[in-house]
Amino acid sequence: MDFRDFEDKVSCPITVLQNVTFHRTLLDRFLVAFQEQVAKNAVYVTTEELELCIGCMQTPANVKLQKYCDDLTVQGDSCTTCSCRPLWCLTCMGKWFASRQDQNHPETWMSSKATCPLCRSRFCMLDVSQVQPM
Ligand SMILES: [Zn+2]
Ligand SMILES: [Zn+2]
Ligand SMILES: [Zn+2]
């Protein structure tokens, strides 16, 4: 359901024509940076059968949220390991992550956190693993 909210948010800049390119470009640029970071992260090896991403229903799910960062922040906003199986593709996870950020301060996105769309466990970009079927 949250994901649908996010889709609304992404399509809403269309009402402000001048901003369309800006918003698109920003998201695209972020997705590239997101993918580059994830490519450097640890991979998650699994024997599970991967279902289609529940965001786009087109690509097989290929990311898993696991805490790998050494974030030790207390006060309830530290990263935790998500117990959900792989449900999202990298692009959808990147879009989700972007949609949870402060849209007026894109410079903070790379160091910010988001929560798993399902279990709400908190993660940062270092905690997004690419899934590698065994
Ligand atoms: Zn997807
Ligand atoms: Zn989760
Ligand atoms: Zn983290």
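Just so it is clear, the structure is predicted and the values come from calculations on it, not from any experiment.

**Student:** What am I meant to see in the nonpolar core here?
**Tutor:** Nonpolar side chains in soluble globular proteins tend to be buried together. Membership of the largest hydrophobic core comes to 26 residues, with the highest contact counts inside it found for Phe 30, Phe 34, Met 93, Phe 123 and Val 128. For this core, the elements supplying multiple residues, two or more each, are helix H2 (17-40), strand S2 (63-65) and helix H3 (90-99). Leave out the neighbours within four places in its chain, and Met 93 touches Phe 34, Val 63, Leu 65, Trp 88, Pro 117, Phe 123 and Val 128.

**Student:** I would appreciate a short explanation of the sheet that holds S2 in the present structure.
**Tutor:** Across the sheet, which stays open at both edges, the three strands sit in the order S1-S5-S2 with mixed pairing between neighbours. The two strands at the open ends of the sheet, each matched to only one other strand, are strand S1 (43-46) and S2. Sheet twist, expressed as the mean angle between neighbouring strand axes with direction ignored, is 40°. As defined by bridge partners, S1 adjoins strand S5 (residues 128-133) across four bridges and the pair is classed as parallel. Its bridge partner being in S5, Val 43 is matched across the sheet by Gln 130.

**Student:** What exactly am I supposed to notice about the coordination of the zinc ion (ligand 2) here?
**Tutor:** The protein atoms that coordinate the zinc ion (ligand 2) are Cys 82 (SG), Cys 84 (SG), Cys 116 (SG) and Cys 119 (SG), at distances of 2.2 to 2.3 Å. Every donor counted, the four donor atoms about the zinc ion (ligand 2) form angles of 100 to 117° at the centre, which fits tetrahedral coordination. For the zinc ion (ligand 2), the single-chain donor residues occur in sequence as C-x1-C-x31-C-x2-C. Of the two residues, Cys 82 sits in the loop between S2 and H3 while Cys 119 sits in the loop between strand S3 (113-115) and strand S4 (122-124), which places them 37 residues apart along the sequence.

**Student:** I keep staring at the coordination of the zinc ion (ligand 3) and nothing clicks. Help me out?
**Tutor:** Within the first shell, the zinc ion (ligand 3) binds the protein through Cys 69 (SG), Cys 79 (SG), Cys 124 (SG) and Asp 127 (OD), at distances of 2.0 to 2.3 Å. Around the zinc ion (ligand 3) sit four donor atoms, and with donor-metal-donor angles ranging over 96 to 119° the site reads as tetrahedral. Here the donor residues of the zinc ion (ligand 3) share one chain and are spaced in sequence as C-x9-C-x44-C-x2-D. Taken as a pair, Cys 69 in the loop between S2 and H3 and Cys 79 in the loop between S2 and H3 lie far apart in primary sequence, ten residues in all. Of the two residues, Cys 69 and Cys 79, both sit in the buried class.

Analysis parameters
- Residues numbered from 1 in each chain as written.
- Chains lettered and ligands numbered in written order.
- Predicted model: local features only at pLDDT ≥ 70, side-chain atom pairs only at ≥ 80, totals over all residues.
- Heavy atoms only, no water.
- Core = buried A, V, L, I, M, F, W, Y, C linked by side-chain atoms within 4.5 Å.
- Buried < 20%, exposed > 50% of the residue type's maximum accessible area, 1.4 Å probe, protein only.
- Helix = DSSP H or I, 4+ residues; strand = E, 2+ residues; numbered from the N terminus.
- Contact = heavy atoms within 4.5 Å.
- Pairing = 2+ DSSP bridges.
- Axes fitted to C-alpha atoms, helices over the stretch in contact; angles between N-to-C directions.
- Donors = N, O, S within 2.8 Å, 3.2 Å for Na, K, Ca; no water.
- Tetrahedral: all angles 85-135°; square planar, octahedral: opposite > 155°, others 65-115°.

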